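For reference, the chains in residue letters:
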Amino acid sequence: MQQVSGSAADTTRDLVRVVLAKALSAGALFATGVLVARVAGPAEYGLYTAALSLVLLIDGVVGSPFDVAAVRFGSQHADDPARVERLLGGTFRAKLAIGLALAIVAGWAPAPIAALIFSDPERTGLLRLALASTLGLLALRSTAVALQVRLRFQAYARLDVLLALGRMLAVAALWLAGVRSAEPYLGSYGAMALAVFAWTLFAVPQPFLRHGLPEPRDRGRIAAFAGITGATGALGTVTGRADALVLASFRPSAELGLYAAGAQITAVLSLLAAYAGVVFQPRILPWAQRGRTRSILALALAGGALVGVTAAGVGIALAPWLVERLYGAEYHEGATILRVLLIGAGIDFLGLPILMHMAVQLHPRAAFAGELLTLGVFAVAAPLATVEAGALGIAWTGVGIRLVKLAVYLAAVLRGSKARPLLASP
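This report concerns the structure included in the present document. No experiment lies behind these values; they were computed from the predicted model shown.

1. Some remarks on the packing of helix H4 (residues 124-149) against helix H6 (residues 182-203)
Then step 1. Closest axis-to-axis distance for the H4/H6 pair is 8 Å, and the angle between their directions is 25°. Regarding the angle of H4 to H6, the classification is roughly parallel. In the packing of H4 onto H6, the handedness of the crossing is left-handed. From H4, Gly 125, Leu 126, Leu 129, Ala 130, Ser 133, Gly 136, Leu 137, Ala 139, Leu 140 and Thr 143 reach across to H6, where they touch Ala 182, Glu 183, Leu 186, Gly 187, Tyr 189, Gly 190, Ala 193, Leu 194, Val 196, Phe 197 and Thr 200.
Then step 2. Split into classes, the residues belonging to the contact of H4 with H6 amount to 13 nonpolar, seven polar and one charged.

2. Section: the nonpolar core
Then step 1. Ranked by size, the top nonpolar core spans 89 residues in total, and within it Phe 118, Tyr 259 and Tyr 327 carry the most contacts.
Then step 2. Ranked by size, the runner-up nonpolar core spans 26 residues in total, among them Phe 73, Leu 88, Val 149 and Val 196.

3. Side note on the packing of aromatic side chains
Then step 1. On inspection of all chains with the given rule, the structure shows six aromatic pairs.
Then step 2. An angle of 35° between the planes, with centres 6.4 Å apart, marks the rings of Tyr 45 and Tyr 327 as tilted. Note that Tyr 45 is positioned in helix H1 (residues 8-76) and Tyr 327 in helix H11 (residues 293-327), a separation of 282 residues in sequence. Pair check on accessibility: Tyr 45 and Tyr 327 agree, each one buried.
Then step 3. An angle of 80° between the planes, with centres 6.4 Å apart, marks the rings of Tyr 45 and Tyr 331 as edge-to-face. One end of the pair, Tyr 45, is in helix H1; the other, Tyr 331, is in the loop between H11 and helix H12 (334-351), with 286 residues separating them in the sequence.
Then step 4. The class of Tyr 331 is buried, set by a relative accessible area of 0%.
Then step 5. One aromatic cluster in this structure is built from Tyr 45, Tyr 48, Tyr 327 and Tyr 331.

Reading guide: rules and limits
- Counting restarts for each chain, with residues numbered from 1 along the sequence as it is written.
- The predicted origin of the model limits local features to residues at a pLDDT of at least 70 and limits the giving and counting of side-chain atom pairs to 80 or more, whereas totals for whole chains, interfaces and linings rest on all residues.
- Each side-chain value is worked out from all heavy atoms of the structure, with water and hydrogens disregarded.
- Here an angle of 0 to 180 degrees is reported between the N-to-C directions of two axes, which are lines fitted to C-alpha atoms, with helices fitted over the stretch in contact.
- Helix and strand definitions here come from DSSP, where helices need a minimum of 4 consecutive H or I residues and strands a minimum of 2 consecutive E residues; each element is numbered from the N-terminal end.
- Any angle from 65 to 115 degrees is called roughly perpendicular, while one under 35 is roughly parallel, one over 145 is roughly antiparallel, and all others are oblique.
- By convention, the crossing between two helices is left-handed when the near helix turns anticlockwise from the far helix through less than a right angle, and right-handed when the turn is clockwise.
- Here a residue-residue contact requires only that any non-hydrogen atoms of the pair lie within 4.5 Å.
- Ten residues, namely Ala, Val, Leu, Ile, Met, Phe, Trp, Tyr, Cys and Pro, are considered nonpolar, four, namely Asp, Glu, Lys and Arg, are considered charged, and the remaining ones, Gly among them, are considered polar.
- Definition of nonpolar core: a set of buried residues of the types Ala, Val, Leu, Ile, Met, Phe, Trp, Tyr and Cys, connected through side-chain atoms within 4.5 Å.
- Here the term buried applies to any residue with accessible area under 20% of the maximum for its type, exposed to any over 50%, and partly exposed to those in between, with areas from a 1.4 Å probe on protein chains only.
- Two aromatic rings from Phe, Tyr or Trp, using only the six-membered ring of Trp, form a pair when their centres are within 6.5 Å; if the ring planes differ by under 30 degrees the pair is stacked, by over 60 it is edge-to-face, and anything between is tilted.

Quick look at the structure:
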């Protein structure tokens, strides 16, 4: 297994590969969303967005904690490949077991859950498709994490390219057929994740699928780290991805469709900011061990500010033109919402690429406390803002939540206290 340090040239090359592939992936998600919005209309598009938000919410709560722990463990034990593979196999099975358990629980009472999430008890099929899609996404992300741990970013990027192309072809076929309901479009999202995962079983070496259980000492450390990062990730995912679900619970689906149009445009920027962290994430610990945390963070914040302000400023200026050109005249009211959401996307470039990973990996307890505080703010502000101001209210809430998170993570990293890794070698 490769060492995680690498040269600046290696890091730059990996970053270019991942960002280009992730840009294609984000572009595919964006393009397919535009097609769904145009053919299905605001109401069905709103339901599609709510269901997709549910998929990403579960993936963030269930999958991300194990993935973060696996990347961190792999960077610490790169000289012991078999040990890392056993750990990757254990986290893969744990994620799928939890995903299946959620699907079984939801299957007992699908109508009330559909009524709660989609404000329509008849959309049980959409709920089932969302849960099935989540399983496909959890499986594929395990393969991606295994490649990330090995620093095989060329293969990692190839997965994103295949997934993007498959989703574009599937949605284009449904669009040409004139399909107008949310269910087939969401189903294609999950089906492509399962298809690419099936392809990796033959095309990508995945020894973690054949290895036994992790060693007891490693299970304990993973449980400790995944426990606190799991709670942190769960809280962060709720505040970061529950906006559409909150809006769906209090407002008509057509209004959610207008919000989703703006949210989809800004999601491209936010995803690019997050995707840059894929390359940096396994390098956080080595940087910290060499005392480079503050210098790296200063560069990250300066670069993030430059990119974020530029991207948000251009988007705000072009907002009305973007919304009407992409989605059509019936979505023109979404331009005001888009302008607010772009402020939040600009803030993401400051926190997502490096700062968030530094806080979670080096100061996990402080990161958890910060997310708990943020959730409290969100739980109070989001429903009140949505009831009072609708889509604009939840959009401004998102901006405020990002500012709170940025301040919390920055304070955690700059405290100057020595990191206390929960997965430290014995």
